[in-house]
Amino acid sequence: MQSKIILKKLYRKMLQIRLCEESFIIPILNKEIRCPIHLYVGEEAISAGIGAVLNNKDVMFSNHRSHGHYLSKGGELKELIAEIYGKETGCSRGRGGSMHLIYPKTGFLGSAPIVSGTISLAVGSALSFKIRNKKNVAVSFFGDGATGEGVLFESMNFASLKKLPLIFVCENNLYATHLQILETHAKDNIWEMAKPFGIPSFRIDGNNVLEVFEKAQKAVKYCKSGKGPVFIECITYRLMGHVGPDDNIQGNHTDIRPKKEIEAWKKRDPILKFEKYLLKNNVLNKKEIEDVKNKIQKKIEEYHNISIKEEYPLTKNLEKYVFKK
Amino acid sequence: MSSKNSRKLSYSLAINEALHQMMEFDSSVFLIGQGVKSPWYVGNTCNGLIEKYSEKRVIDTPISENAITGAAVGAALSGMRSIAVHPRIDFMMYALDPIINQAANWSYMFGGKVSVPVVIWGIINRGGEQGAQHSQALQALFSHIPGLKVVMPSTPYDAKGLMISAIKDDNPVVYIDDRWLYKIEEMVPEKIYSVPIGKGVIRKRGNDVTIAGISYMASEAVKAANELEKHNISSEVIDMRTVKPLDIDLVLQSIKKTGRLIVTEAAWLTGSVSASIVAEVQNRGFKYLKAPIERICLPDCPAPTSGPLEKEYYINSNDIILKVKKLLYKN
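These numbers were taken from a predicted model, which means no experiment stands behind them.

Draft legend 1. Representation of the sheet that holds strand 2 (residues 29-33) of chain B within the structure. Residues and elements named next belong to chain B. The strand order across the open sheet formed by 7 strands is 3-2-4-5-7-6-12, and the pairing between neighbours is mixed. Looking at strand neighbours, the two that pair on one side only are strand 3 (58-60) and strand 12 (242-244), the edges of this open sheet. Sheet twist, expressed as the mean angle between neighbouring strand axes with direction ignored, is 20°. Bridge analysis of strand 4 (residues 81-86) against strand 5 (residues 118-124) gives 5 bridges, and the strand direction is parallel. By the bridge assignment for strand 5, Ala-84 is matched with Ile-120.

Draft legend 2. Representation of the interface of chain B and chain A. Across the boundary between the two partners, chain B contributes 34 residues, which contact 39 residues of chain A. Remark: the boundary between chain B and chain A carries 3 salt bridges. The interface formed by chain B and chain A contains 16 residue pairs in polar contact (both at pLDDT 80 or more). Listed by contribution, the elements that provide at least two residues to the side of chain B that touches chain A are helix 2 (39-42) and helix 11 (307-313) of chain B. Examining the composition of the side of chain B that touches chain A, we find that 5 residues originate from one element, helix 11 of chain B, more than from any other. Its residues assigned to classes, the side of chain B that touches chain A comprises 15 nonpolar, 11 polar and 8 charged.

Draft legend 3. Fine view of the packing of aromatic side chains. The tally for this structure, following the rule as stated, stands at 16 aromatic pairs over all chains. With centroids separated by 5.8 Å and ring planes inclined at 80°, the aromatic side chains of Tyr-70 of chain A and Tyr-103 of chain A adopt a geometry described as edge-to-face. Pair noted here: Tyr-70 of chain A is in helix 4 (residues 67-72) and Tyr-103 of chain A is in the loop between helix 5 (77-84) and strand 2 (108-111), with a separation of 33 residues, a long-range link. Side by side, Tyr-70 of chain A and Tyr-103 of chain A carry an identical accessibility label, which is buried. Taken together, the ring pairs connect Trp-180, Tyr-216, Tyr-313 and Tyr-314 of chain B into an aromatic cluster. The aromatic ring of Tyr-312 of chain A is capped on one face by Lys-87 of chain A, whose charged end is 4.6 Å from the ring centroid. Across the ring face of Phe-202 of chain A, the terminal group of Lys-215 of chain A is positioned such that the distance to the ring centre comes to 3.9 Å.

Draft legend 4. Here's a closer look at the confidence of the model for chain B. Averaged over chain B, the pLDDT score is 96; the fraction of residues at 70 or greater is 98%. Taken over the whole predicted complex, pTM reads 0.91, whereas the ipTM for its chain interfaces reads 0.86.

Draft legend 5. Broad picture of a nonpolar patch on the surface. Residue and element names in this part refer to chain B. Taken together, the side chains of Leu-77, Tyr-108, Met-109, Phe-110 and Val-114 present a nonpolar region at the surface, about 500 Å² in accessible area. Tracing the backbone through its elements, the reader meets Phe-110 in the loop between helix 5 (96-109) and strand 5. Under the relative-accessibility criterion, Phe-110 is labelled partly exposed at 40%.

Draft legend 6. Spotlight on unusual backbone geometry. All names here are of chain B. Of note, the amide linkage connecting Lys-244 to Pro-245 takes the cis form, showing an omega dihedral of -5°. Of note, Pro-245 is situated in the loop between strand 12 and helix 9 (248-258). Even without glycine at this site, Ser-54 takes up a positive phi of about 70°. Structurally, Ser-54 is set in helix 3 (residues 49-57). Using a relative accessible area of 33% as the deciding quantity, one classes Ser-54 as partly exposed.

Draft legend 7. Just the nonpolar core, in detail. Formed by 71 residues in total, the largest nonpolar core has its most connected members in Tyr-11, Phe-24, Ile-50, Ile-167 and Phe-274 of chain A. Setting aside its immediate chain neighbours within four residues, Phe-274 of chain A contacts Leu-7, Leu-10, Tyr-11, Met-14, Val-209 and Leu-210 of chain A. Within the second largest apolar cluster, 64 residues are counted, among which are Ile-15, Cys-46, Val-119 and Ile-167 of chain B.

Draft legend 8. Just the pattern of salt bridges, in detail. Residues and elements named next belong to chain B. For the structure shown, the criterion picks out 33 salt bridges over all chains. Its salt-bridge partner being Asp-178, residue Arg-126 comes within 2.8 Å of it at the nearest N-O pair. Of this pair, Arg-126 sits in the loop between strand 5 and helix 6 (139-143) while Asp-178 sits in strand 7 (residues 173-178), and the two are 52 residues apart along the sequence. For Arg-126, a relative accessible area of 6% translates into the label buried. Among the ionic pairs, Glu-236 bridges to Lys-257, the shortest N-O distance being 2.6 Å. One end of the pair, Glu-236, is in strand 11 (residues 235-239); the other, Lys-257, is in helix 9, with 21 residues separating them in the sequence. Here Glu-236 falls in the buried class, since its relative accessible area comes to 1%. What you see here is one network of salt bridges that share partners, running through Arg-7, Glu-17, Lys-160 and Glu-190.

Draft legend 9. Region of interest: a positive patch on the surface. Residue and element names in this part refer to chain A. A cluster of like positive charges, contributed by Lys-4, Lys-8, Lys-9, Arg-12 and Lys-295, occupies part of the molecular surface. It is helix 1 (residues 4-23) that contributes the most residues to the positive patch, 4 residues altogether. Residue class for Lys-4 comes out partly exposed when judged on its relative accessible area of 41%.

Draft legend 10. Structural view of the sheet that holds strand 1 (residues 59-62) of chain A. Residues and elements named next belong to chain A. One open sheet accounts for 6 strands, arranged 2-1-3-4-8-7; its pairing is parallel. For this open sheet the edge positions go to strand 2 and strand 7 (201-205), each flanked by a neighbour on one side alone. Across the sheet, the mean angle from the axis of one strand to that of its neighbour is 15°, orientation sign disregarded. The pairing of strand 4 (residues 166-172) with strand 8 (residues 230-235) spans 6 bridges and is classified as parallel.

Draft legend 11. Quick peek at the domain arrangement of chain B. Residues and elements named next belong to chain B. What the domain assignment lists for chain B is domain 1 (6-189) and domain 2 (201-329). Between the C-alpha centres of domain 1 and domain 2 there is a distance of 26 Å. Contacts between domain 1 and domain 2 engage 31 residues on the former and 27 residues on the latter. Across the domain 1/domain 2 interface, buried area totals approximately 2100 Å², and carbon plus sulfur atoms make up 57% of it.

Parameters at a glance
Residues numbered from 1 in each chain as written. Chains lettered and ligands numbered in written order. Predicted model: local features only at pLDDT ≥ 70, side-chain atom pairs only at ≥ 80, totals over all residues. Heavy atoms only, no water. Pairing = 2+ DSSP bridges. Helix = DSSP H or I, 4+ residues; strand = E, 2+ residues; numbered from the N terminus. Axes fitted to C-alpha atoms, helices over the stretch in contact; angles between N-to-C directions. Contact = heavy atoms within 4.5 Å. Salt bridge = Lys/Arg side-chain N within 4 Å of Asp/Glu carboxyl O. Polar contact = N/O pair within 3.5 Å; in protein donor to acceptor, adjacent residues only side chain to side chain. Nonpolar A, V, L, I, M, F, W, Y, C, P; charged D, E, K, R; others polar. Phe/Tyr/Trp six-rings, centres within 6.5 Å; stacked < 30°, edge-to-face > 60°. Buried < 20%, exposed > 50% of the residue type's maximum accessible area, 1.4 Å probe, protein only. Lys NZ or Arg CZ within 6 Å of the ring centre and 35° of its normal. pLDDT = per-residue confidence, 0-100. Patch = residues over 30% accessible without salt bridge, like charges linked within 9 Å, V, L, I, M, F, W, Y side chains within 5 Å. Areas by Shrake-Rupley, 256 points an atom, 1.4 Å probe, with all protein chains shown as cover. Core = buried A, V, L, I, M, F, W, Y, C linked by side-chain atoms within 4.5 Å. Lys, Arg positive; Asp, Glu negative; His and termini not counted. Charge placed at Lys NZ, Arg CZ, Asp CG, Glu CD. Domains from an automatic or database assignment. Buried area = accessible area lost by both parts, 1.4 Å probe.

Structural data, given as structure tokens:
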């Protein structure tokens, strides 16, 4: 069993991500938040597990569904919330919004929604580590949809050829926006795509934070020993829709996913699963779990209240930051 | 046009009708691209197509812009009339090789032995705090390339007519529409008809100033002209409709009368289509001009997300009104 410190840390991170995501729902419905948001609800175990094995010198790149990645890599919660409200105090100073987050201080080097768009950038980070003999690792987060893009394959080949310290993390939530995985892939075998490039590749349960954590630990060790990249496919499910708080249940206007399927995955909620484990192993009791939740919830509410009152960027500064001055 | 055989249709449903009619009319026409079965991606422009023409000719695809666009070009080289749709033109950047290096050059570099009847349909989808990578208007990139025609309809009538012309054209045509226009309605003929590629149109006649608009800004120019009329300013509005090749003759005819020109385009100022218009007009029409040509474009800055910045960033009929007043009072 992992130490209680680690277990509690993983749990707190998953909860922080979940509660943060849920906190956006009402402001979205009230149109206080207009920026499009791809909620990460249901996928928290992956970010929490991977982020927990990285240090601030390791780097991470991410995609459109990036809040969990950002938080797991040490991005400040307050600055995430302010960014989504479009405030100057946001992590991208109100220029980027939900889909363009960054937190360089802790190695979160950016998220961007062009599908697969940041994979090759992560290759470049890993290359820089190799050139400068640094024992660090780069992580590239992308979804199942991204495995349709050629640049992933070019990146896998080059990273393997140069034995770069890079962990490819595919979060397979079974849907590329409106298309189920077998409508976009000839075979349900994403993890095997890395094999022809000689990259060790694994398919794991992305809703099991301990499985993710342990696999990530091994992957980091492998990368830092100079053997090359690792590919991890995490099977998961987004409990909400592709974008916004809608859940894309069949029969509503974003008619995609069978109700039965969503219900089945709700039973596999990574946070509920982990809570059971923590209770069973006496890591936390029910009261302590409630306390953790309340503490995080309070912070989130506080940050919303502060962010709402903060200043928007000045319009005279529209073109500031197009270039570094 | 006789209203007997026309009815009110929205811009997006006018595109839909063009697709239906051309797929019915010509069995070599097919549509391929991301999201053709999802209103998230393409609004209602593709309604009913799969049901009528099956998934064999209406193909929703993996997220593989490069390969899918290449396949559309290859099919066009093999007897089909392909339409490759990119529901966000930002993502179409993955497909620049098959569009620019391949499709655009194929006819010329093989001495005209083959042609590429492909429509590359890219949708501008912006606003709503979507930010830098979900906002771009990139017509200037494509208008720069010899071998490509680029059309940008601003009305339902043109949306249908230019889509039909693009499909019928034996060359690669980049068809760029803007989701800000999708709900505009007007009378649209039921029959199949073409709007000529390379021809602009006068939307409103006037004497004091010419406003040449592209796509969304052509429709804003009409609004501005109507407003200016209340202040006794008579503007002539030209909708360019095609941005490659440009209908410079039409602009010249207009400035012969007005002597003043404003060009407006909701795209970045530098290296824009509007820059090409200005260059040609000053060269061929210098003697008609009473004042320097003005442009109203987006600042050379990526799209911000923050609400107040976004409002500052985009342009509309008010910007045209202000510019016209300034231009006339100065002179």
